[in-house]
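This is what each chain is made of:
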Amino acid sequence: MLAIGVAISEVEVEFGRRVEAVLEAQPENLFARSVRASLYARAGSGDEARAQYEQVARAHRRDGRRRFAGLAYRSASDQTTEELQSRVRLLEEAIALRPDDQIALRELVHALPMLGRASAAVRAARRLASLTEHPERAIEARVIAAQLLENEIDDQAGAKREWERVLKIAPESREAL
């Protein structure tokens, strides 16, 4: 098993060299820069990976490639685990460019309340519930929205509407009953 680990490591090192050679010849090659960021992430260099992904995102945004920019911002957010405010900023950038990014929305739903932004979390949860094709994910998003409305925002009427939406999806839902 150790030999496999060594072989993979050697392959990654060689791959990294080749990526750097491409970037030396073509510094604006966004695919190579994304691969470099991914290699940094795999190596545990989250700060370097985040910086690379953010550069890629800005370049894609500048060139009008919104969906690619959104993916790069979300990838940057994956490397930002300690700084919640920075992570949320990157996720919001991703959503601004890719409004249907369910992964980024789900992460925002969980992160925003920790920053005291319950109303924004409710909006993200509602958006997520409207996008997903998976009933269990829609239920989860609606339950979170209802709980935030009930407990953080003190909007009982809004919470009731969310609970009713949960019951439409899952009439047997214990949380909504």
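Details of the structure are given in the entry above.
A brief structural summary.

Reading guide: rules and limits
Residues numbered from 1 in each chain as written. Predicted model: local features only at pLDDT ≥ 70, side-chain atom pairs only at ≥ 80, totals over all residues. Heavy atoms only, no water. Helix = DSSP H or I, 4+ residues; strand = E, 2+ residues; numbered from the N terminus. Rg over C-alpha atoms; globule rule 2.2 N^0.38 Å. Buried < 20%, exposed > 50% of the residue type's maximum accessible area, 1.4 Å probe, protein only. Contact = heavy atoms within 4.5 Å. Axes fitted to C-alpha atoms, helices over the stretch in contact; angles between N-to-C directions. Parallel < 35°, antiparallel > 145°, perpendicular 65-115°, else oblique. Left-handed = near helix turned anticlockwise from the far one by under 90°. Nonpolar A, V, L, I, M, F, W, Y, C, P; charged D, E, K, R; others polar. Expected span 1.5 Å × (residues − 1). Salt bridge = Lys/Arg side-chain N within 4 Å of Asp/Glu carboxyl O.

For the protein, the helix and strand inventory stands at nine helices and zero strands. Shown N-terminal to C-terminal, the secondary structure of the protein runs as helices and strands in the order α-α-α-α-α-α-α-α-α. For the protein, the C-alpha radius of gyration of 20 Å lies well beyond 16 Å, the compact-globule estimate for 177 residues. Summarising its shape, the C-alpha atoms of the protein cover approximately 60 × 45 × 30 Å along the three principal directions. Each of the 177 residues in the protein was classed as buried or not, and the buried ones make up 40%. Across the protein, every contact between residues at least 6 apart in sequence was considered, and the portion connecting residues at least 24 apart equals 41%.

Where helix α3 (residues 46-62) contacts helix α5 (residues 84-97), the axes come no closer than 12 Å and their chain directions differ by 25 degrees. Classified by the interaxial angle, the pair formed by α3 and α5 is roughly parallel. Crossing hand, α3 versus α5: left-handed. Across the interface between the two elements, Arg50, Glu54 and Arg61 of α3 pack against Arg89, Leu90, Glu93, Ala96 and Leu97 of α5. A per-class count over the contact of α3 with α5 returns three nonpolar, no polar and five charged.

With 14 residues, α5 extends 20 Å from end C-alpha to end C-alpha; this agrees with the ideal 20 Å at 1.5 Å per step. Taken as a whole, α5 has its buried residues at Arg87, Val88, Leu90, Leu91, Ala94, Ile95 and Leu97. As for α5, its buried residues are in contact with α3, α4 (66-78) and α6 (102-111).

This brings us to the packing of α5 against α6. Running from N to C, α5 and α6 point in directions that differ by 145 degrees, and their axes come no closer than 10 Å. Between α5 and α6 the crossing geometry is left-handed. Across the interface between the two elements, Leu84, Arg87, Val88, Leu91, Glu92, Ala94 and Ile95 of α5 pack against Ala104, Leu105, Glu107, Leu108 and Ala111 of α6. Within the contact of α5 with α6, the residues separate by chemical class into nine nonpolar, no polar and three charged.

On to the pattern of salt bridges, then. With the rule as written, the count across this model stands at 21 salt bridges. Glu92 is the partner of Arg117 in a salt bridge, and the nearest nitrogen-oxygen pair spans 2.6 Å. Taken together, the residues Arg117 in the loop between α6 and α7 (118-131) and Glu92 in helix α5 connect sequence positions 25 residues apart. When its relative accessible area of 29% is taken as the criterion, Arg117 is described as partly exposed. On the basis of relative accessibility, which here comes to 30%, the residue Glu92 falls in the partly exposed class. A salt bridge links Glu162 to Arg126; the nearest nitrogen and oxygen atoms lie 2.7 Å apart. Here Glu162, found in helix α9 (residues 156-169), pairs with Arg126, found in helix α7; they are 36 residues apart in sequence, far enough to count as distant. Assessed through its relative accessible area of 30%, Arg126 is described here as partly exposed. Linked by salt bridges that have partners in common, Asp47, Arg50, Glu54, Arg58 and Arg89 make up one network.

Another point: the environment of Arg74. As for its placement among the helices and strands, Arg74 is situated in helix α4. Counting along the chain gives 55 residues from Arg74 to Ala129, while the straight-line C-alpha distance between them is 19 Å. Every residue in contact with Arg74, bar those within four places of it in the chain, is listed here: Leu91, Ala94, Arg98, Asp101, Ile103 and Ala104.

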